[in-house]
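Structural overview
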Amino acid sequence: TLLAFTQEIRVSANYAGFQGATWEYDGVDWTLESPAASPPALADAAMAFDANRGHILLYGGESNDSTEGTATWDYDGGTWTKLTPAANPGIRQGARMAYDAKNNYVVLAGGGDNHVWTWNGSAWTDRGAQTALVNSGYDAVALAFDPTRQAMVAWEGTGTNTYEWNGSTFTTIA
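Since we're looking at a predicted model, the values are computed, not measured.

**So, unusual backbone geometry**
If you check the backbone angles, D44 has positive phi at about 60° while not being a glycine. On the secondary structure map, D44 appears in the loop between β4 (30-32) and β5 (46-50). Taking the relative accessible area as the measure of exposure, D44 reaches 43% and is therefore partly exposed.

This is the structure we're talking about:
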């Protein structure tokens with residue numbers, strides 16, 4: 001189950017993995033939505049709110065037949081749209097994404113290899129291998145943007161390592 005909050009859509013959207021269901025929460029009740037189009041049932045996908053565009057982004061995951069492991073989906077609060085960017089992060093299962101408000105893009109890490117990718121609303125960019133994130137090929141990475149420090153922070157999950165993104169590289173901060 002994936003969860004992302006959007007102020008523009010005024011709901012929290014929950015994409016229920018292998019159920020292939022989209023739920024929205026209005027602060028009181030959860031409602032099962034019936035979008036005209038939806039991603040297939042997926043497990044271990046990554047999802048984040050893209051504040052620059054006011055949409056929710058879903059990437060990767062594992063479908064029953066493994067054909068959707070490289071798909072990028074966009075949710076505008078009414079329907080899901082499968083996007084077709086020229087490049088993508090490749091098969092990712094268990095990756096994490098979060099919106100970087102300082103750099104105005106979504107950051108994707110983990111779930112395949114130690115490359116970090118960013119989404120600018122229309123294209124994925126490979127920011128290269130991040131040797132600081134030694135275990136980022138696994139699904140143990142957690143990402144969040146710290147608005148006070150204006151920094152994307154990653155925690156490896158397999159130890160006590162904490163990292164900070166400067167727009168091109170993760171460096172160890174704790």
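**Structural notes on the environment of H115**
With respect to the helices and strands, H115 occurs in strand β11 (residues 115-119). For the pair H115 and D126, spaced 11 residues apart in sequence, the C-alpha separation works out to 6.9 Å. Look past the residues within four positions of H115 in its chain and what remains in contact with it is R92, L108, D126, G128 and A129. Among the polar contacts made by the side chain of H115, one reaches the side chain of D126 at a distance of 3.0 Å.

**A few points about the packing of aromatic side chains**
Overall, the coordinates contain 4 aromatic pairs when judged by the stated rule. Seen in terms of ring centroids, Y59 and W124 are 5.3 Å apart; in terms of plane orientation they differ by 70°. Their pairing is edge-to-face. Remark: W124 occurs in strand β12 (residues 124-129) and Y59 occurs in strand β6 (residues 55-59); sequence separation between them is 65 residues. By the ring-pair criterion, three or more aromatic residues cluster together here, those being Y59, W119 and W124.

**Observations concerning the nonpolar core**
Buried together is how nonpolar side chains tend to be arranged in soluble globular proteins. Residues V107, V116, L143, M152, A154, W165 and F170 are the most contacted members of the largest nonpolar core, which totals 14 residues. Contributing elements (two or more residues each) for this core: β10 (105-109), β13 (142-146), β14 (151-155) and β15 (162-165). With 3 residues, the single largest contributor to this core is β10.

**Examining the pattern of salt bridges**
Under the counting rule described, the total for this entry stands at 3 salt bridges. Ionic pairing is found between R149 and E164, a salt bridge with its closest N-O pair at 2.0 Å. Pair noted here: R149 is in the loop between β13 and β14 and E164 is in strand β15, with a separation of 15 residues, a long-range link. What makes E164 partly exposed here is its relative accessible area of 24%. A single network of salt bridges, built from pairs that share partners, joins D146, R149 and E164.

What counts and how
- Residues numbered from 1 in each chain as written.
- Predicted model: local features only at pLDDT ≥ 70, side-chain atom pairs only at ≥ 80, totals over all residues.
- Heavy atoms only, no water.
- Helix = DSSP H or I, 4+ residues; strand = E, 2+ residues; numbered from the N terminus.
- Buried < 20%, exposed > 50% of the residue type's maximum accessible area, 1.4 Å probe, protein only.
- Contact = heavy atoms within 4.5 Å.
- Polar contact = N/O pair within 3.5 Å; in protein donor to acceptor, adjacent residues only side chain to side chain.
- Phe/Tyr/Trp six-rings, centres within 6.5 Å; stacked < 30°, edge-to-face > 60°.
- Core = buried A, V, L, I, M, F, W, Y, C linked by side-chain atoms within 4.5 Å.
- Salt bridge = Lys/Arg side-chain N within 4 Å of Asp/Glu carboxyl O.

Any functional reading would require information that these geometric values do not contain.
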